[in-house]
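Structure at a glance
So the chains spell out like this:
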Amino acid sequence: MLSRLGALLQEAVGAREPSIDLLEAFVEHWKGITNYYIESTDENTPAKKTDIPWRLKQMLDILVYEEKQQAAAGETGPCLEYLLQHKILETLCTLGKAEYPPGMRQQVLQFFSKVLAQVQHPLLHYLNVHRPVQKLLRLGGTVPGSLTEKEEVQFTTVLCSKIQQDPALLTYILEGKKTIGRKASREATAPLREAASVRDKDRPHIKAPDNGTCGAWASSAQLPAETEEPDGAIGESSLITTLIGLCKSKKGRVALKARENLLLLVSVASQAAATYLVQSSPCCPAIIEYLCQLYQSLPSSLDPADIAALEGISWRLPSAPSDEASFPGKEALAAFLGWFDYCDHLITEAHTVVSDALAKAVAEKLFVEILQPQLLHVSEQSVLMSTALLTVMLRQLRSPALLQEAVAFLLGMDQQPAAPEDSPRTLCTHLIRHCDHLSDEISIATLRLFEELLQKPHEHIVRSLILCHLEGRSYVARGSPEPESYEDTLDLEEDPYFTDSFLDSGFQPSVKPPPAPATNPDGKTAVTEIVNSFLCLVPEEAKTSAFLEETGYDTYVHDAYGLFQECSSRVTPWGWPLAPPPLDPHEPERPFFEGPFLQMLFDRMSRILEQVIGDLMQRIQRVPQFPGKLLLVRRQLMGQVPGEQLDHQTFLQGVVVLEEFCKELAAIAFVKFPPHGPRLHPSKPPEGHV
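Since this is a predicted model, take the numbers as computed values, not measurements.

Topic: the overall build of the protein
Scanning the protein for helices and strands turns up 30 helices and zero strands. Burial analysis of the protein (690 residues in total) assigns 46% to the buried set. A fraction of 77% describes how many contacts in the protein between residues 6 or more apart in sequence connect residues 24 or more apart. Surface exposure of the protein reaches about 35300 Å², of which carbon and sulfur atoms provide 54%.

See below:
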């Protein structure tokens, strides 16, 4: 049998009418497949051990060879006509669904993929191709860990490739019955009928073999006027369902390819296809449902520090880096963050209709329904974990549409300044209160959330938290002259931090604060005075920078200038004025309220002065050999000497950190003057500075 078929193919190449022999060979192979089901009695033999794979391969080769021999581009040959008219793909789909012999579905998927990929004639518009494609799609992507995942993703990749070449196909594939079954049934089969009529007219002697086996399996060649409706619900989008199912695969390559295919579809979608994706397909609900499932599968025992430290997660590499320390729940956290990053990427690349719908779905289902109750929960662990997760999500977030939804969720869209007596019950108000929580862990976690939020390129963030309370400039006293010098307002004799007991103890100011680099004053408070106001917060006897040849606050100028430039470039597109508007002398003076966010920050900073500097002078006297121990602790913090436990170590570390904090504030104040930045090129900060 095999030698006879090989001879037929060889003769077909050299014959005057090769199409006749090719058709006979093609039908012969198809009959061989159908005969297997009539004659075989062994139900356990795998499909790959039968001659079915070989016959399918021969049929594919004949189709490809026949197409190359066609004189006119786009002309369908008799073998392709036979494939379409006798619903061979539909029959194969049925055999694949039955999974008989075992592994038949794999063979069918491979055959479909290769036919669609290698036959250049457009096939997906034909009903007798489109319908079995839809049925085959419904067989895959539904069972996690399916043995045919590899073949399924190859099949969807070919379909997505065809859609990329002709984006109009997406509407046909998505809408299924609505387009093909009703509107386009006659249009889709018109080329087939026309080709069949031409064949019967021009070559009446060529007829498809008609015997019992072929009739039993291949059905009739006659096409109905109104096509049968495919299985499944109206508007069911099997391609989307299959792709999302494959995106969840445990096999990394399968999941990655499925995600790339879904991303391709939403990016090439037309307005009509995008609207269908949103309104009539499971696309958005299924994507967000999986996101919420991954979030809710996170163990409640996750350490917020581990959440904050996990970096390098992306949808292309959803697994956590192997070089990072492992912790309980790491894989689940990496899976969630990887899918969140994928959703963010989808929103960035998708058609606007899909992008907006996905962003709103994330906000509604994840932010509002799941995260908000946890952020407002009485359980500290719930607040800590949800705050840390939201911070990491903000760090990963890139898409403008999702950022808009996140900002609206966290801050609301009201831009009216609040009054001191106001107590709005909003999420933002609760989060600001969390920044000053009794639990230091919650306070620090929420401050990190706002720090991440303020780095996002969205004007409403800065305006809602800060600017809406400052734009009226009610912080400027009307009619009162400004002091000529900031130093005139300082009276160290009355400063409670510089007490007589401290001066009598032998600690005398040895060196005046280092002068700030000269700048050109603009008629207002000089930058030197502003800088010194920060540097004078810590007395010279509690400073240790000079002993290690550090030059003062200028070690922070380089970083502060980079941060200032970054912030300046971020706000440039917002069109802010270069100078504040002039005050109206006739406008009545109103009490100044900096707003709840700045109020919280100022309250915390004032307590730093009370808890450290306010008690510093007295506590210094109770620490034996204070200068030497303070210098040793600084060297320990810089990594210059090995750490050893000392008495009063926490207090000594606090003094060093406070000095560095004041130097950093001074550097930030300095780089803002003159308006275009400092006219200097600061050297690189020394290695290991605190």
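Points about the packing of aromatic side chains
Applying the stated criterion across every chain, the model contains 14 aromatic pairs. Between Phe450 and Phe597, the aromatic rings sit 5.1 Å apart at their centres with planes inclined by 45°, giving tilted as the arrangement. Of the two residues, Phe450 sits in helix 23 (residues 440-454) while Phe597 sits in helix 28 (residues 596-621), which places them 147 residues apart along the sequence. Aromatic rings pair up to connect Tyr290, Trp315, Trp339 and Tyr342 into one cluster.

Examining the state of the cysteines
One pass over the full model with this rule turns up zero disulfides. The thiol sulfur of Cys435 is not disulfide-bonded, and the nearest other cysteine sulfur, from Cys428, lies at 9.0 Å.

So, the packing of helix 6 (residues 104-118) against helix 8 (residues 149-165)
Look at helix 6 against helix 8: their axes get within 9 Å of each other, and the N-to-C directions meet at 20°. Considering the angle they form, helix 6 stands roughly parallel to helix 8. Here the hand of the crossing between helix 6 and helix 8 comes out left-handed. For the pair helix 6 and helix 8, contact is made by Gln106, Leu109, Gln110, Phe112, Ser113, Leu116 and Ala117 and by Glu151, Glu152, Gln154, Phe155, Val158, Leu159 and Lys162, respectively. Residues of the contact of helix 6 with helix 8, tallied by class, amount to seven nonpolar, four polar and three charged.

Description of a negative patch on the surface
A cluster of like negative charges, contributed by Asp303, Glu380, Asp440 and Glu441, occupies part of the molecular surface. By relative accessible area, Asp440 is classed as exposed at 58%.

Quick notes on helix 3 (residues 52-69)
In a regular helix each residue adds 1.5 Å, so 18 residues correspond to 26 Å; helix 3 covers 26 Å between its end C-alpha atoms and thus fits that length. Among the residues of helix 3, Ile52, Arg55, Leu56, Gln58, Met59, Leu60, Ile62, Leu63, Val64 and Glu66 are the ones counted as buried.

What to know about the pattern of salt bridges
Within this structure, the stated rule accounts for 20 salt bridges. Residue Glu471 is joined to Arg463 by a salt bridge in which the shortest nitrogen-to-oxygen separation is 2.1 Å. With relative accessibility at 45%, the residue Glu471 sits in the partly exposed group. Each of Arg634, Glu659, Glu660 and Lys663 takes part in one network of salt bridges that share partners.

Things to note about the packing of helix 21 (residues 400-411) against helix 22 (residues 427-434)
For any two helices packed against each other, the geometry is given by the interaxial angle and the distance between the axes. The N-to-C vectors of helix 21 and helix 22 enclose an angle of 75°; their axes lie 6 Å apart at closest approach. If you check the angle between helix 21 and helix 22, you find them roughly perpendicular. Judged by residue contacts, Phe409, Leu410 and Leu411 of helix 21 engage Leu427, Cys428 and Leu431 from helix 22. Across the contact of helix 21 with helix 22, the residue classes tally to six nonpolar, no polar and no charged.

Details of helix 8
Residues separated by three or four positions in an α-helix point in the same direction, a consequence of the helix having 3.6 residues per turn. A rise of 1.5 Å per residue sets the reference length of helix 8, with its 17 residues, at 24 Å; its end C-alpha atoms lie 24 Å apart and thus fit the reference within 8%. Among the residues of helix 8, those classed as buried are Glu149, Glu151, Glu152, Val153, Phe155, Thr156, Val158, Leu159, Cys160, Lys162 and Ile163.

Concerning the confidence of the model for the protein
Looking at the protein, pLDDT values average 79 and 75% of them are 70 or higher. Of the regions scoring below 50 in pLDDT, residues 177-235 engages in 93 contacts with residues more than four places distant in sequence or in other chains. Across residues 675-690, confidence stays below pLDDT 50; counting only partners more than four residues off in sequence or on other chains, it has 26 contacts.

Observations regarding the environment of Ser146
With respect to the secondary-structure elements, Ser146 resides in the loop between helix 7 (127-139) and helix 8. Look at Ser146 and you get buried, because its relative accessible area is 14%. With sequence-adjacent residues up to four places away left out, Ser146 is seen in contact with Glu152 and Lys251. Here Thr148 takes part through its side chain, which lies 3.0 Å from a polar atom of the side chain of Ser146.

Considering unusual backbone geometry
Look at the link from Tyr100 to Pro101: it is a cis peptide, with omega at -5°. Along the chain, Pro101 falls in the loop between helix 5 (88-98) and helix 6. Of note, the phi angle at His648 is positive, near 60°, even though the residue is not glycine. Residue classification places His648 among the partly exposed residues on the basis of a relative accessible area of 36%.

A look at the nonpolar core
Judged by nonpolar contacts, the single largest core of 140 residues is most densely connected at Leu92, Phe112, Ile287, Leu366 and Phe367. A per-element tally of this core places helix 19 (residues 352-375) first, with 11 residues. Discounting chain neighbours no more than four positions away, the residues touching Ile287 are Ile244, Leu262, Trp339, Cys343, Leu346 and Leu358. Within the second largest apolar cluster, 17 residues are counted, among which are Val538, Ile613, Phe626 and Val633.

What counts, and where the lines are drawn
Residues numbered from 1 in each chain as written. Predicted model: local features only at pLDDT ≥ 70, side-chain atom pairs only at ≥ 80, totals over all residues. Heavy atoms only, no water. Helix = DSSP H or I, 4+ residues; strand = E, 2+ residues; numbered from the N terminus. Buried < 20%, exposed > 50% of the residue type's maximum accessible area, 1.4 Å probe, protein only. Contact = heavy atoms within 4.5 Å. Areas by Shrake-Rupley, 256 points an atom, 1.4 Å probe, with all protein chains shown as cover. Phe/Tyr/Trp six-rings, centres within 6.5 Å; stacked < 30°, edge-to-face > 60°. Disulfide = S-S within 2.5 Å. Axes fitted to C-alpha atoms, helices over the stretch in contact; angles between N-to-C directions. Parallel < 35°, antiparallel > 145°, perpendicular 65-115°, else oblique. Left-handed = near helix turned anticlockwise from the far one by under 90°. Nonpolar A, V, L, I, M, F, W, Y, C, P; charged D, E, K, R; others polar. Patch = residues over 30% accessible without salt bridge, like charges linked within 9 Å, V, L, I, M, F, W, Y side chains within 5 Å. Salt bridge = Lys/Arg side-chain N within 4 Å of Asp/Glu carboxyl O. Lys, Arg positive; Asp, Glu negative; His and termini not counted. Charge placed at Lys NZ, Arg CZ, Asp CG, Glu CD. Expected span 1.5 Å × (residues − 1). pLDDT = per-residue confidence, 0-100. Polar contact = N/O pair within 3.5 Å; in protein donor to acceptor, adjacent residues only side chain to side chain. Core = buried A, V, L, I, M, F, W, Y, C linked by side-chain atoms within 4.5 Å.

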